[in-house]
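Chain by chain, the residues run as shown.
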Amino acid sequence: MSAALDLILLLAGLSYVSLAPYTKVEESFNLHATHDVLMYGIGRENLHKYDHFTFPGAVPRTFVGSVVLAWATQVCVRMGSWLGIFSDKFDLQVISRMVLASANAVGLCLLRRAVSRRFGRPTAVMFVLLTCTQFHLLFWMGRTLPNMFALLPANIALYLLIDRASNSTRPSKSSVHWAIALLTFTTVVFRSELLLLLGPFVLQAMILRYTTLYDVVKVGLLSGILSAALTVVVDSYFWQQWPLWPELYGIYFNVLQGKSSDWGTSPSHAYFTSFLPKLLLSSMPLSALGCLLDSQIRSLLLPYLAFIGIISGLAHKEWRFVIYVVPAFNIAAARGAVWLTGRRKGTLMGRLSFLAVVAMLAANCVATFLFARSSFANYPGGTALYAFNHLYESEENMHVHISNLAAQTGASLFLHSHAPPFHPVLNGTHPTNWVYDKTENLSFDALTRSPEITHLIAEMASITPFAASAWAPLAIVDGFDGWKLNLDLKSAFQGGLFEGLKGLMYVLEMVRSEKLVILRRRA
């Protein structure tokens, strides 16, 4: 039973990677850093070829996670090469994302085991059901956002706090200290906002006498200095700047200079009224019930609620800044759901309670299905470049210009299938002399005057009559715009009951529009 639950968590994460293999621009730094470590190695002679020197981003990001991910991917690639299963660079992107998803699945499996030991097997089963019927956590845990590198140590820290017998009243001092060390490491290296979770956790641990101020300072200083040394050494080398501490620079840029608000602002209540309901779905009310019923759950959630309250004071808000709270809320929700389903089943209230939990899980599934369908259709750049690679896979000397929208929606370096660098396991017969050009802010006039460019992946909105006269369309790629309510079901039922029931599946209709076009230069 335990192994089956762990396997469900793992397969759910891997399935999302398989069904949505492309990536967005916010994932590109770590994805391309992983690509460069895989393809070029970490020798100083090849550092100048790394992508981050051409596209550095607003602030530097750490290479620590990308290097570890690349090395772990390298092991999998070497093993897979014996079976001859790799033929394209894009296969390596999928493998690297599966490695990251698997690592985060291990964190969730550890939590599942700790929940079973602390709160019982039914609560652990419900934890898995709630987690797997939510969308964002499992969909994104295989994506190379810095937050997803931070998710694993954050979950292990939570595991250390709850992994004890059900009759235990307090975690061991060593578990608390390791949790502090892990959260400190994650704050220093990956995501500085986790300082806002570390603070309430440490304060609670001292108030409840799980540890002492002296031990907190000792553990915090030791783990903080070692973590800072690690990131400064690694990132100063890869960025060729000394000394460089990316997360400290990020705090200066985003908080002290207030630059984060340039990316948009949200009201102070947004996490509680918008982001958390979207992340948690039915776990939101169930976690509130769990808090009411169990003092252990209240103690568990208190630092996470404080974290959300404190981070709500920052003007710029995104759901990924609070993704770390989802497992803790799911534990609380599982406690609430088990209480509902465990009520006397022979009574009316018992049956209604059971049906309420089933209905909430079903609602989760419906919402997740809609989130997933819209997300799968939201990577036109990756779809377009993948199609272009296969359309001309036997041609030589292609030169394709990739528009900004295409680059932002999936056209990653791993999709530069017919241009160097190549990993040693890729020994296919495909062309190797293509040029993938991502030069920004070029007009159609400038692109047309560049005779070396043979093809374009262009935005549909930018097509002009002049462009149409110089370039011939080969394929059009659409993308997701939203959902609309389709109330015209009367005509569906005219075909009979079966056709009508099928029509009910399309009450919500996906709205798509043409996003990108693949163009060939006219002769």
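Residues numbered from 1 in each chain as written. Predicted model: local features only at pLDDT ≥ 70, side-chain atom pairs only at ≥ 80, totals over all residues. Heavy atoms only, no water.

## A closer look at the domain arrangement of the chain
Along its sequence, the chain is carved into domain 1 (1–112 + 119–377) and domain 2 (380–521). A C-alpha centroid distance of 32 Å is found between domain 1 and domain 2. Facing 28 residues of domain 1, the contacting portion of domain 2 comprises 30 residues. Summed over both sides, the interface between domain 1 and domain 2 buries roughly 2700 Å², with carbon and sulfur atoms accounting for 68% of that surface. When residues of domain 1 are sorted by the area they lose upon contact with domain 2, Tyr22, Lys89 and Ala377 head the list and together hold 25% of the total. For the interface between domain 1 and domain 2, the tally reads 11 residue pairs in polar contact (both at pLDDT 80 or more). Taken together, the elements giving at least two residues each to the side of domain 1 that touches domain 2 come down to helix H2 (28–40), helix H3 (64–83), helix H4 (89–119) and helix H16 (348–376). (Domains from an automatic or database assignment. Contact = heavy atoms within 4.5 Å. Buried area = accessible area lost by both parts, 1.4 Å probe. Polar contact = N/O pair within 3.5 Å; in protein donor to acceptor, adjacent residues only side chain to side chain. Helix = DSSP H or I, 4+ residues; strand = E, 2+ residues; numbered from the N terminus.)

## A short note on the pairing of strand S1 (residues 399–402)
Alternating residues of S1 divide into His399 and His401 and Val400 and Ile402, and every residue in both groups is buried. Direction of pairing for S1 relative to strand S2 (residues 435–437): parallel, over a ladder of 3 bridges. Across the sheet, His401 pairs through a bridge with Asp437, a residue of S2. Judged from the 3 bridges that link them, S1 and strand S3 (residues 455–459) form a sheet pairing that is parallel. Bridge pairing in S3 places His401 opposite Leu456. (Buried < 20%, exposed > 50% of the residue type's maximum accessible area, 1.4 Å probe, protein only. Pairing = 2+ DSSP bridges.)

## Things to note about the environment of Leu100
When you line up the elements, Leu100 lands in helix H4. Setting aside residues up to four positions removed in sequence, Leu100 forms contacts with Leu69, Met141, Gly142, Arg143, Thr144, Met148 and Phe149.

## Some remarks on the pattern of salt bridges
Under the counting rule described, the total for this entry stands at 13 salt bridges. Taking the shortest distance from any N to any O, the salt bridge between Arg143 and Glu27 comes out at 3.1 Å. With Arg143 in the loop between helix H6 (136–140) and helix H7 (146–162) and Glu27 in the loop between helix H1 (2–19) and H2, this residue pair connects regions lying 116 residues apart in the sequence. Neither Arg143 nor Glu27 differs from the other in exposure class; each is buried. The salt bridge involving Asp294 is made with Arg335; its shortest N-O contact spans 2.8 Å. With Asp294 in the loop between helix H13 (283–293) and helix H14 (295–311) and Arg335 in helix H15 (residues 326–341), this residue pair connects regions lying 41 residues apart in the sequence. Taking relative accessible area as the criterion, Asp294 reaches 7% and is therefore assigned buried. Each member of the salt-bridge network shares a partner with another, and the members are Asp6, Arg112 and Arg113. (Salt bridge = Lys/Arg side-chain N within 4 Å of Asp/Glu carboxyl O.)

## Regarding the environment of Glu27
Looking at Glu27, the relative accessible area reads 0%, which means it is buried. Separated by 119 residues in the primary sequence, Glu27 and Pro146 have C-alpha atoms spaced 8.0 Å apart.

## A word on the nonpolar core
Phe63, Phe201, Ile331 and Ile457 are the most contacted members of the largest nonpolar core, which has 138 residues in total. The element contributing the most residues to this core is H4, with 14 residues. Each of domain 1 (1–112 + 119–377) and domain 2 (380–521) contributes no fewer than three residues to this core. Not counting chain neighbours up to four residues away, the residues in contact with Phe201 comprise Leu161, Val176, Ala179, Ile180, Leu183 and Pro303. Leu447, Leu456, Ala470 and Leu519 belong to the second largest nonpolar core, which has 10 residues in total. (Core = buried A, V, L, I, M, F, W, Y, C linked by side-chain atoms within 4.5 Å.)

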